[in-house]
Each structure stands twice: as structure tokens, then as C-alpha cells.
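Geometric and topological summary
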Amino acid sequence: MKYETESSLTAAVTAQFAKTPDPRLREILLALTSHLHAFARETALTIEEWSQGIEFITRTGHMCQGGRQEFILLSDVLGLSMLVDAIEHRTQSSATDSTVLGPFFVDDAPTRLNGADIGAGLAGDLLLVTAAVTGTDGQPLADADVVVWQCDEHGRYDIQYPGRDGYFLRGRFRTDARGLVQFWSIVPPAYPIPDDGPVGDLLTASGRHPWRPAHVHFHIAAAGHRSLVTHLFVAGEDYLDSDVVFGVKPSLIVDLVPHGPGTAPDGRVCPNGWKSLDHPFQLAAL
Ligand code: BEZ
Ligand code: FE
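Now for a look at the structure at hand. Position numbers for residues count from 1 along each chain, tracking the sequence in the order it is written. Written order determines the labels here, with chains lettered from A and ligands numbered from 1. Local features are withheld for residues below a pLDDT of 70 in this predicted model, meaning they are given only at 70 or higher, and side-chain atom pairs are given and counted only at 80 or more; totals for whole chains, interfaces and linings count all residues. No hydrogens and no water enter the side-chain calculation; it runs on all heavy atoms of the structure.

With that out of the way, let us pick up the overall build of the protein. For the protein, the count of helices and strands is six helices and 13 strands. A principal-axis box enclosing the C-alpha atoms of the protein has dimensions of 85 × 40 × 35 Å. Working definition: with a 1.4 Å probe on protein chains only, accessible area under 20% of the residue-type maximum means buried, over 50% means exposed, and in between means partly exposed. Here the protein holds 286 residues, and the buried ones make up 40% of them. Residues count as neighbours in contact if any of their non-hydrogen atoms are within 4.5 Å of one another. In the protein, of all internal contacts separated by at least 6 residues, the share reaching a separation of at least 24 is 69%. Here the open area of atoms and residues is found with the Shrake-Rupley method and a 1.4 Å probe, where only the protein chains shown may cover a residue. With the model as given, the accessible surface of the protein reaches about 15400 Å², and the carbon-plus-sulfur share is 58%. If you average the places of the 21 positive and of the 35 negative side-chain charges in the protein, the two averages end up 6 Å apart. Strands here are runs of E lasting at least two residues and helices are runs of H or I lasting at least four, both read from the DSSP assignment and numbered beginning at the N terminus. The sign given to each residue is positive for Lys and Arg and negative for Asp and Glu; His and the chain ends receive no count. Lysine's charge is taken at NZ, arginine's at CZ, aspartate's at CG and glutamate's at CD.

Two strands qualify as a pair provided that DSSP identifies no fewer than 2 bridges between them. Spatial ordering of the open sheet is given by E4-E1-E13-E10, a layout of four strands whose pairing is mixed. Because the sheet does not close on itself, it has two edges, and the strands there are strand E4 (180-186) and strand E10 (257-259). Sheet twist, expressed as the average angle between the axes of neighbouring strands with direction ignored, equals 25°. Axis lines are fitted to C-alpha atoms, over the contacting stretch for helices. Their N-to-C directions set the angle, which ranges from 0 to 180 degrees.

This part takes up the side chain of Thr-33. Relative to the helices and strands, Thr-33 is located in helix H2 (residues 23-43). Any pair of nitrogen or oxygen atoms within 3.5 Å is treated as a polar contact; in protein, a donor-acceptor pairing is required on top of that, and neighbouring residues in sequence qualify only through side-chain atoms on both sides. There is a polar contact of 2.8 Å between the side chain of Thr-33 and the backbone oxygen of Leu-29. Residue contacts for Thr-33: discarding those within four places in its chain leaves Val-13, Thr-14 and Phe-17.

Attention now moves to the pattern of salt bridges. What makes a salt bridge here is a side-chain nitrogen of Lys or Arg within 4 Å of a carboxyl oxygen of Asp or Glu, nothing more. For the coordinates displayed, the defined rule picks out 15 salt bridges. In this structure, Arg-41 engages Glu-6 in a salt bridge whose closest nitrogen and oxygen atoms are separated by 3.8 Å. With Arg-41 in helix H2 and Glu-6 in the segment before helix H1 (9-17), this residue pair connects regions lying 35 residues apart in the sequence. The class of Glu-6 is exposed, set by a relative accessible area of 60%. Ionic pairing is found between Arg-226 and Glu-88, a salt bridge with its closest N-O pair at 3.5 Å.

On to the site of ligand 1. Note on terminology: near, applied to a residue and a molecule or strand, indicates that one of the residue's heavy atoms is within 4 Å of it. If you check the shell around ligand 1, you find Leu-73, Asp-76, Gly-102, Pro-103, Phe-104, Tyr-157, Tyr-191, Ile-193, Arg-212, His-215, His-217 and Val-245 and nothing else. At 3.5 Å, a side-chain N or O of Tyr-157 approaches an oxygen atom of ligand 1. Residue Arg-212 places a side-chain N or O atom 2.5 Å away from an oxygen atom belonging to ligand 1. A total of 260 Å² of accessible area belongs to ligand 1 in isolation, and the protein chains cover 100% of it. Among the secondary structure elements, those contributing two or more residues to the shell around ligand 1 are helix H4 (70-77) and strand E7 (215-221). For this scheme, ten residues count as nonpolar: Ala, Val, Leu, Ile, Met, Phe, Trp, Tyr, Cys and Pro. Four count as charged, namely Asp, Glu, Lys and Arg, and the remainder, Gly too, count as polar. Per-class residue counts for the shell around ligand 1 are seven nonpolar, three polar and two charged.

Let us now look at the packing of H4 against helix H6 (residues 198-205). As a packed pair, H4 and H6 sit with axes 9 Å apart at the nearest point and diverge in direction by 25°. In this view, H4 runs roughly parallel relative to H6, as classed from their interaxial angle. Contacts between H4 and H6 pair Glu-70, Leu-73, Leu-74 and Val-77 from the former with Pro-198, Val-199, Gly-200, Leu-202 and Leu-203 from the latter. For the contact of H4 with H6, the per-class residue count stands at seven nonpolar, one polar and one charged. Angle categories are assigned with fixed cut-offs, so that under 35 degrees is roughly parallel, over 145 is roughly antiparallel, 65 to 115 is roughly perpendicular, and the rest are oblique.

Here it is, written out as C-alpha cells:
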């Protein structure tokens, strides 16, 4: 009778997956099997430890409900999201750098017109954001789809509030003929990622903090171009060199320009002043 031993098991499993008809799926399953087995061998994983691992993965799945996506958090804190992103963008050089999507993107952000205030009625320092979208040749991209989202002054996103009334601090804009999008918001603070679940337990057990540096998210799509998922990080703020999800890139750290009390360029009267953020985004052609 044929049976498997520690030394023959990996070959036995890969021989089974070698029959997978789809070549890419076959490649992934074979690599997954050999790396998982190597991990178990290297650490001499015990039955007790692996059952704790299964329990952790099970809790991670149960935590995924509504606005909570614990598997994205897990991928992010393991650095896997940024690694996959880096691999995907290996050949891109002159386009704007990408970073993690994170768990707080929603596909149905409210449509807003240029000049809208996505933070209307919310506390915080006023921020006027102007995004200029071009190709890598510098030509403006009109009619590009620009989705923005950020946290409030408490470091929370709208979808983290149970029973909230609609979305806030997010919107879907279209660039004008000059490739520009402009909107009002508030200066976002640094915030901890949700850490009351298994991913938080993992951070605690490993002595890691849960903080992300202050940022605004952008998802930009234009016809004939690769979509861009990125953030802009506020220069000089905390955690820029220890982002819990490893998402910071130097090119994405930007200065906010302070303005004293007065009237902003679009005519808004700002008795307490405002800050402005102007940034170019370059999309690679398909
Ligand atoms: C975010 O920036 O929204 C985010 C990204 C990764 C994990 C948690 C939050
Ligand atoms: Fe965020």
C-alpha cells in the first residue's frame, strides 16, 4: 500500500495539483503547496499551533461583515498588499506611485461637482484640495473618474459608524477640461486601523502599534489609462516612518500650504484660514 511520509508528502500533493488544467492556477497552487509545506517544516509547526492558526483564520472570516473587512487588514499588516502592489507596478516608472486600497473604499461614493465640500458640517481645519490628472506625457486627462475618501477628526471613516446617515468625507468627481478636480475637506489626522479583532490581537502579540499616518485616499480612472490607487500623506505628521500597513512612499508625502484668515480662491470666506493641497497625478497609458 502506498502511503506518504514527511519527506514524500509535498511531492504527493504537488503531483495532484499538477493536473490543474488552468496553467496560472496550476503555477499558483504548486508554489503555494511547496511554500506552505516548507513553512511548516522550517518552524516544526505543532498540531496545537496549527489549530490556533485555523482558529485565527476562522475568527478573521467571522469578523468580515458590513463595513469591516478583516482579511484586507490582515493582508495589509502582513505587508502582502504592498508587496503585490509593488509586483503589479514593477514596470511603471514615470506614473504616480500607488499604495494600498485599504478596507474603507466603497464603490458607490456620492457623485460630487468640482468645488464641493465633502466635509461640510464636520469639525476640523479646512483643506482645499486640487488634483491635476495627466498622462505620463503631461497632457491633461479630462473626464477622469476621481474617487476620494478620508477619515474625520476622530480618525474614523463614515462606514465605521453604525447607523450613520449617508456617506461623508468621500465623493466621486470628474476632472474638467483642464484635467482638474477641486474640493473642500478637512485636514485628516493619523488614525489606528481597527484593532478590536484578530488582526489587532496579532499586532498586540507582536508588540506592533496600529497607527497609519494622516492621509487622503484617491482612486483615479481615465479612459485608455491604468487606474491609480493611492494616497497623499501629510508631511511632518506622526507615523510616516512606521505605517502599520507599510503604505508610505516618499513621493506621496506632501506639504499642506497654510493660509491666514481671508477669502479662498473660489470665493469661500475662511475666518480661521485654510490649508491647501495641490498635487499632480500621472496615469500610465494602457
Ligand atoms: C486605510 O488607509 O484606509 C487603511 C489601509 C489599510 C488598512 C486599514 C486602513
Ligand atoms: Fe485611510
